[in-house]
Number of protein chains: 4
Amino acid sequence: MDAQREGKFQRILDAAIEAFAESGFHHCQVNKIARLAGVADGTIYLYFKSKEDVLIRVFQERMGDFIASMSKELSQCKTTEARLKTIVKTHFSYMEENRSIAIVTQLELRQSDPRIRLHINNTVVDYFNLIEEVIQQGIESGEVPKIDTRVARQMIFGSLDEATTDWVMARSPRTLKSEIEPMLALFEGALRLNKPNT
Amino acid sequence: MDAQREGKFQRILDAAIEAFAESGFHHCQVNKIARLAGVADGTIYLYFKSKEDVLIRVFQERMGDFIASMSKELSQCKTTEARLKTIVKTHFSYMEENRSIAIVTQLELRQSDPRIRLHINNTVVDYFNLIEEVIQQGIESGEVPKIDTRVARQMIFGSLDEATTDWVMARSPRTLKSEIEPMLALFEGALRLNKPNT
Amino acid sequence: MDAQREGKFQRILDAAIEAFAESGFHHCQVNKIARLAGVADGTIYLYFKSKEDVLIRVFQERMGDFIASMSKELSQCKTTEARLKTIVKTHFSYMEENRSIAIVTQLELRQSDPRIRLHINNTVVDYFNLIEEVIQQGIESGEVPKIDTRVARQMIFGSLDEATTDWVMARSPRTLKSEIEPMLALFEGALRLNKPNT
Amino acid sequence: MDAQREGKFQRILDAAIEAFAESGFHHCQVNKIARLAGVADGTIYLYFKSKEDVLIRVFQERMGDFIASMSKELSQCKTTEARLKTIVKTHFSYMEENRSIAIVTQLELRQSDPRIRLHINNTVVDYFNLIEEVIQQGIESGEVPKIDTRVARQMIFGSLDEATTDWVMARSPRTLKSEIEPMLALFEGALRLNKPNT
DNA sequence: TATGAATGAGCATTCATTCAT
DNA sequence: GATGAATGAATGCTCATTCAT
């Protein structure tokens, strides 16, 4: 019974991602999400508090998974170099392979409604922490000179985010993964990375 | 007579910036902009096509000025180092000194409505070009090794943008200008800047 | 369930007739129709496309019934004399007994909006055909000399219509049925009716 | 000076007829009338109380002339036959030669707004009186049997009016004057006209 | 649980009219 | 008188949410 409930929850979530990506949050009607999910309008409200809540949960669920998987991969890296590469590679690959989620993340979620922002920040802060930890580790191990971790994190996340938005909004389709190497090189330079075994 | 018209146009623009910053684009009623500008609701429509048009023009006018002034300052710089500093300093200073514009720019304008996006991109592309020219000049003068200018631009703009958004959304007020130096250091490292006369 | 739906449809239709008759189409607010029908504003739009659509349907439904019933009665008449009497009597009786419908028919529906006109004409043309058939039958049976059926129909319908409008707009209430006999006599003269069995 | 004023008054009147005929009363903006008349919006209000007043005056002025000219022609007729012919001929000819006025008269003026109706009725009543006088004269001279003059007038005016509306709304252009003779024949039959000297 | 018909709050925009020049 | 920029009242319709079944 609980599995059934979970299944319907996920179906609505997936339907919402498609609907938001296609029509935009404001122009997408709840009715459309319901139709795509194969449930009645009212059913949505048995699983979510409101349309906004659907948007928030989309982010929490999908980005939560994304962050968890990145966290796991990072834990297996030995060097800062490897960790930076993991961040850039995972970020670009995930977005390129989940375009609808990328659209929702890069465009729809940038609504300024305080309620939405608040919940999103709570989730994205985990990502920020992950990045800052990598920098901190680098500093502690001597691979990276002492720098302001917040500013460095803003640079890394901001760069990845901007590159993704650029890619999402590009008219002519192009690949995002091809930017992994050049972006990584910039990050290494910015952090003045001292590669141990080279 | 034309000066009067221009004055009223600017008054509505300023009122809109305040109103959008306070309530958000979607929740802000045209009536509120009119009240703040000291004109009747209908008067707005003598100067703007629609509420959306107001948002678009806010960006075009204010960012247009911002870009023009940055362009002018850049033309007086002799080195890539100076140019990078001008970019970071001008960006952070302008945003810190025009918080309402920053809110509108960083939050309200990230709506995905295609019409709005389109007009905004046309304006922001000028900023992108400015940044890419600086990188290109650096490469040509030998101050910067040969790198992908688009990726470098994404890093620079993305970092500045993320830092600004972070600052706009920070609960406890803090200064943005204090980030000029550390951010600049990161950029110089990323671009592996070869400072000539030092 | 379908009966319930049909019932609500009719209730809105009746409410609209009252509302239009009282305030006129343009001055009548959708909200008033909803109140009279005992439903919410939005409910109107579950049954009708727009306020204009309500007006059009009022005519189609009510005049459709009127024309159908007249058609049935005409089919039972043996002579042109009887048919003419049926037309005049049914027209005047129906209007006198349904004053609100008469008001809507004679006044509100004479809007020149092309969309409205078009739909109304499609319905009223059935009435025109009915009248022209009666004339044609009279000509074929020799009761009426060969005349232009369109002009004769314009005379008959125009006379009935004008008499009804006159009655609707009369300040002092008077009866419309009392005009049945004198109007009939005029029609018989106009058509130079040759009454067979007299 | 007064001639200048009168000229501008007429220019606005003519502009209004064109504008109403083209766009319909409700969809026609005062601004359009002003443009067509070559005056400023505000100027209209120096000559007319309101947009509705313009519509009313259009009818009063133009139909006033029409009625006056018909009255004059009728006074020169010797027989009821001649008078009936004058009515039908003048009505159809005038409408065919002034299509824009016909459109305004047959369609735009059928608005149910009480204020408009009232003023129009006061004007059209003169036309009704003219027709009823002709019938009365016929009765008194023995050319027409004793009948209800109101009903007879409703038949005559209603027939002419319906024929005109039919013509105005006809998709394929056709002539209205060709209906003079057949319509006249119907009227003579309806009134059982006894033609003296034939 | 699930449904989907019904609800009703909410708002951008138009345009007849005014009035300072 | 003439202008036309400014006014601001007025409202049809949408759509997130509810709730009787």
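Just so we're clear, the structure is a prediction, and the values are computed from it rather than from any experiment.

Focus on the UniProt feature "DNA-binding region" (unreviewed entry) in chain A
Link 1 in the chain: Residues annotated by UniProt as "DNA-binding region" (unreviewed entry) correspond here to residues 29–48 of chain A.
Link 2 in the chain: Secondary structure content for residues 29–48 of chain A is 75% helix and 0% strand, while the C-alpha to C-alpha distance between its ends is 15 Å.

Some thoughts on the arrangement of the chains
Link 1 in the chain: Contact between chain A and chain C is absent, and the minimum C-alpha spacing across the pair is 15 Å.
Link 2 in the chain: Taking C-alpha atoms only, the smallest gap left between chain A and chain D, which are not in contact, amounts to 30 Å.

Topic: the environment of Phe-187 of chain C
All names here are of chain C.
Link 1 in the chain: Among the structural elements, Phe-187 can be located in helix H9 (residues 180–190).
Link 2 in the chain: Judged by its relative accessible area of 0%, Phe-187 is buried.
Link 3 in the chain: Once the C-alpha coordinates of Phe-187 and Ala-102 are considered, the two residues, 85 residues apart in sequence, prove to be 22 Å apart.
Link 4 in the chain: In this structure, Phe-187 is in contact with Val-88, Met-155, Ile-156, Ser-159 and Leu-160, ignoring residues within four places of it in sequence.

A short note on the domain arrangement of chain A
Residues and elements named next belong to chain A.
Link 1 in the chain: For chain A, the assigned domains read domain 1 (1–48) and domain 2 (52–190).
Link 2 in the chain: Computed from C-alpha atoms alone, the centre-to-centre distance between domain 1 and domain 2 is 26 Å.
Link 3 in the chain: Facing 15 residues of domain 1, the contacting portion of domain 2 comprises 15 residues.
Link 4 in the chain: Counting each side, the surface lost to burial between domain 1 and domain 2 is near 1300 Å², with a carbon and sulfur contribution of 71%.
Link 5 in the chain: The tally of links from domain 1 across to domain 2 stands at one salt bridge.
Link 6 in the chain: A salt bridge links Arg-62 to Asp-14, with the shortest nitrogen-to-oxygen separation between them at 2.6 Å.

Things to note about the relation of the copies chain D and chain C
Link 1 in the chain: Mapping chain D onto chain C leaves a residual RMSD of 0.2 Å; the transformation is a rotation of 179° accompanied by 0.0 Å of translation along its axis. The transformation just described matches what one would write down for a two-fold rotation axis.
Link 2 in the chain: Of all interface residues in chain D, 100% are interface residues in chain C too; the two copies therefore contact each other through one and the same surface.

Analysis parameters
Residues numbered from 1 in each chain as written. Chains lettered and ligands numbered in written order. Predicted model: local features only at pLDDT ≥ 70, side-chain atom pairs only at ≥ 80, totals over all residues. Heavy atoms only, no water. UniProt positions renumbered as here; feature names shortened; annotations may be inferred. Helix = DSSP H or I, 4+ residues; strand = E, 2+ residues; numbered from the N terminus. Contact = heavy atoms within 4.5 Å. Buried < 20%, exposed > 50% of the residue type's maximum accessible area, 1.4 Å probe, protein only. Domains from an automatic or database assignment. Buried area = accessible area lost by both parts, 1.4 Å probe. Salt bridge = Lys/Arg side-chain N within 4 Å of Asp/Glu carboxyl O. Least-squares fit on C-alpha atoms with pLDDT ≥ 70 in both.

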